[in-house]
Structure formats: C-alpha cells, structure tokens
Amino acid sequence: MYSLLPTYGQRHIEIEQASGSYVTDTAGKRYLDFVMGIAVCGTGHRHPHVSQTLEAQLQKVWHTSNLYNISGQARVAETLMSGTHLTHAFFCNSGTEANEGAFKLIRKWTNKTKIVTFTKSFHGRSFAMLGATGQDKVKAGFGPMVSDFVHAPFNDMDALDIIDDETAAVWLEIVQGEGGVVVADSAWLEALQAKATEHGVKIVVDEVQTGIARTGTRFAFEQTPLKPDVVTLAKGLGSGFPVGAILTAAGAEHVFTAGSHGSTFGGNPLAMAAAEATLDILFEADALAHVNAMGARLRAGLEQFVDGETFTEVRGLGLMLGLVATQSVAAWIEQLRDAGLLVVAAGPDVIRFLPSLLLTEAEVDEALAIIGHVITKEMVS
Ligand SMILES: Cc1ncc(COP(=O)(O)O)c(C=O)c1O
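Residues numbered from 1 in each chain as written. Predicted model: local features only at pLDDT ≥ 70, side-chain atom pairs only at ≥ 80, totals over all residues. Heavy atoms only, no water.

A.B. asks: Just checking my understanding: could you explain the pattern of salt bridges for this structure?
C.D. replies: Pairing of side chains with opposite charge becomes possible as their charged atoms draw close. Within the structure shown, the criterion is met by 10 salt bridges. Salt-bridge contacts for Arg352 lead to Glu178; the nearest nitrogen and oxygen are separated by 2.9 Å. With Arg352 in strand β17 (residues 350-353) and Glu178 in the loop between β8 (175-176) and β9 (182-183), this pair connects stretches of sequence that are 174 residues apart. Relative accessible area serves as the criterion here: at 1%, Arg352 is assigned to the buried category. (Salt bridge = Lys/Arg side-chain N within 4 Å of Asp/Glu carboxyl O. Helix = DSSP H or I, 4+ residues; strand = E, 2+ residues; numbered from the N terminus. Buried < 20%, exposed > 50% of the residue type's maximum accessible area, 1.4 Å probe, protein only.)

A.B. asks: Help me understand the UniProt feature "modified residue: N6-(pyridoxal phosphate)lysine" (unreviewed entry) in the protein chain, please; the structure alone is not making it clear to me.
C.D. replies: Residues annotated by UniProt as "modified residue: N6-(pyridoxal phosphate)lysine" (unreviewed entry) correspond here to Lys235. You can see Lys235 is positioned in the loop between β11 (230-233) and β12 (244-249). According to the relative accessible area criterion, Lys235 is partly exposed, its value standing at 22%. Ignoring anything within four residues of it in the chain, the contact list for Lys235 reads Ile38, Ala39, Val40, Val208, Gln209 and Val243. One polar contact links the side chain of Lys235 to the main-chain carbonyl oxygen of Ile38, over a distance of 3.1 Å. (UniProt positions renumbered as here; feature names shortened; annotations may be inferred. Contact = heavy atoms within 4.5 Å. Polar contact = N/O pair within 3.5 Å; in protein donor to acceptor, adjacent residues only side chain to side chain.)

A.B. asks: Looking at this model, I keep getting lost on the sheet that holds β17. Mind explaining?
C.D. replies: Pairing between the strands of a sheet is mediated by backbone hydrogen bonds and can be parallel or antiparallel. Strand order across the open sheet formed by 4 strands is β13-β14-β17-β16, with antiparallel pairing between neighbours. Unpaired on one side and paired on the other, β13 (311-317) and β16 (344-345) mark the two borders of the sheet. In the sheet, β16 pairs with β17 via 2 bridges, with the strands oriented antiparallel. Looking across to β17, one finds that Val344 is bridged to Arg352. In the packing of helix α9 (residues 285-303) onto the sheet, the strands contacted are β13, β14 (320-325) and β17, and the crossing angle to β13 comes to about 170°. Along the sheet, helix α10 (residues 330-338) contacts β13, β14, β16 and β17; its crossing angle with β17, the most-contacted strand, is approximately 40°. (Pairing = 2+ DSSP bridges. Axes fitted to C-alpha atoms, helices over the stretch in contact; angles between N-to-C directions.)

So, in structure tokens, the structure goes:
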C-alpha cells in the first residue's frame, strides 16, 4: 500500500547519490541536474565547503532554540544585507514561512490590509500565501481565502492604478518562477516604485526563487529600480539545508516584539552553518560573474532552438531561464530525463533551467547537446 498523500503525483526516479551537477538514481542511471532541487542547490550537490562546514557544526551543537543566542544568525544577516539598504533579518525554514512572516509584519507595520499581488505569481501554500498567489489552480477546493489580496496583471502599466492610499503593500517576484519564468519590465518596476512611494505603500519582493545569486546578482531586485521594504528568501540560502529569511528595511525593526513572531527551528546552528558556507561561495564577485557568463552561454544555446513555431523565446535572468513552447512541455521533460537531463516545467508550456550556479562550460554544452538531440528528434518525427 502506498502510504503518502499524493501531493506530488507519480515520481519516476529516486536519486541515491549526488555530486556537483550530477545525480545518480537507484537504478544506477546518471543525470545532469538542471533542477537542483528547484533552485535550491545553487552551490551544486554536496559542495565540499558547505559539507565541511556542516560536518564541523555537527560536532559542536545542532539545535538550541531561539531562547539562546545563535551567533551565526548575526553573521549570516550581516553578509546577506551588507551593501544593501536592508537592516534587519528574521530566520525561518522555508519560503512559505518567510512570506507568512512578512505578511504578519506588513499587517502590523501598516495597520492596513489591502495587498496587491500579481496574476501568475506564486508565494507558497499556507493560507495567507494561497490568497497572495495569483493562480486559481493552487486555491481550488480550499476557499474561502484570506481576503484583501488584489491580483493585478503583471507588467501592466495601467494596472498599477490599483495601488492607492488604502494599500498596505505591493508584493511581487522580479522573475515569476512557477508562473512561467516571466521577467518584470524595468519601466514597469520604475512606475511601481513611484506609485508605492506616492501612496506610502510598502514593497515586498519575494526572492525565494530569484535570491542568492540565481539571477546573476545577490538578489534580483539589485538589477531593478526597486527599493524593497521587505525581501523574503529561502531555497538557495542553505544549499539544500532548509533555511528561510525575512530581510527588512529601516522602520520594520520596531514592528515585531518579543513573542509576536517566532520559529522553533528557525536559524538553528546547523541551518546557519549551511547558510554561512553557501554565502561564502555565492556572494563572491567571481561567483556572480560566473553565473552571468554561464547564463549567457546557456541562453545563447537555447536561443538556437527558437524557431517561432515550436519554441518562441528564451526568458529569464542569470541561471534562471525558460524556453517557451507553443505546446505542453510535459512530454519533453520526460524525454529529456530519459536522455539524462533533469529539467522542470514552469507552467504548462515553459521548460525551466535551474542548474548549479557553479556549473562548467562543458556542463552547459552537454545539456544543450541533450536538448538538441531530444528536440530535433521530436521535430523530425
Ligand atoms: C517565489 C516563491 N515564493 C515562495 C515559494 C514557496 O517556498 P517553499 O516551497 O520553500 O515554502 C516558492 C516555491 O516555489 C517560490 O518560488
């Protein structure tokens, strides 16, 4: 009897071993991994520095709770926010938890309830975040939703008129991940920032998928005119160890008081060891330059498949890229897996690429060769 709730549908393979950009399944088949736990293992699988840092921490202390000081939290917070306008951090365990905490923060900070989010956004599966998410399929059967989220069309100038004096916050991804790897236009973001400033509205940037160097800068908002009041993080922050964070700009530090928010596991010594080691690697200028170089190489290679008929464009930033098709990509994802390349869909018609941020040129080229082989075969047949 199958003993798990069927939330993930059928799972075809189990990965038994992983190293760098490669994984091996229980049948001994090796794959080039361009999913990386869905944008989680930015340092690749089992990076030696992360592994050694975690092993050293395992010999000291695993968990203490936030009843006691955990000095790694201050170090990770300072590394995350150094050189930005952000001043304070709270650590938790996932993207949903970071967003849920940010939601509480915004409610208490602004004393208002209207929050503008965008169609096709994804912010998590807790009740507030189901309300925030601009996709009906995740809400089906769970109503009524947490109210006062208003969904506006993404990248639509006129839609910004919905931001008014009653609005607590406008909440967005810079690159919509689950929604199809859709990049926010710079001019639109400039107008959004201006509207928010005009009406005293907070800006929350959900960097759960885009953060921690994935888009070629430490945070995606650094490539935009936005000055967010709140940034949420998770996925890439712990290289596979669950870590989430809320980062805040000046003014937020007085909103939560002792007892108004918390997390038993949040920011525990193991999580902070994983985050510290991850940032040692990915926040280096060389690593960011590498993400941009490999992103450009992958993008250029993918653009060769854009023929206007089967594939229409390549979207994304850095090493968060999507190849947009005119039809469902589900069959290709399976064929690519069988051919030795793991990729994940973003919506029904986009093949999403989220490789290790440290991957090599040869690994980019290997992926492109597999894609070329699978797609050409499909186009001919
Ligand atoms: C932009 C964004 N926000 C929030 C989440 C939810 O994060 P988690 O699954 O860690 O709760 C995700 C997950 O895909 C995401 O992509």
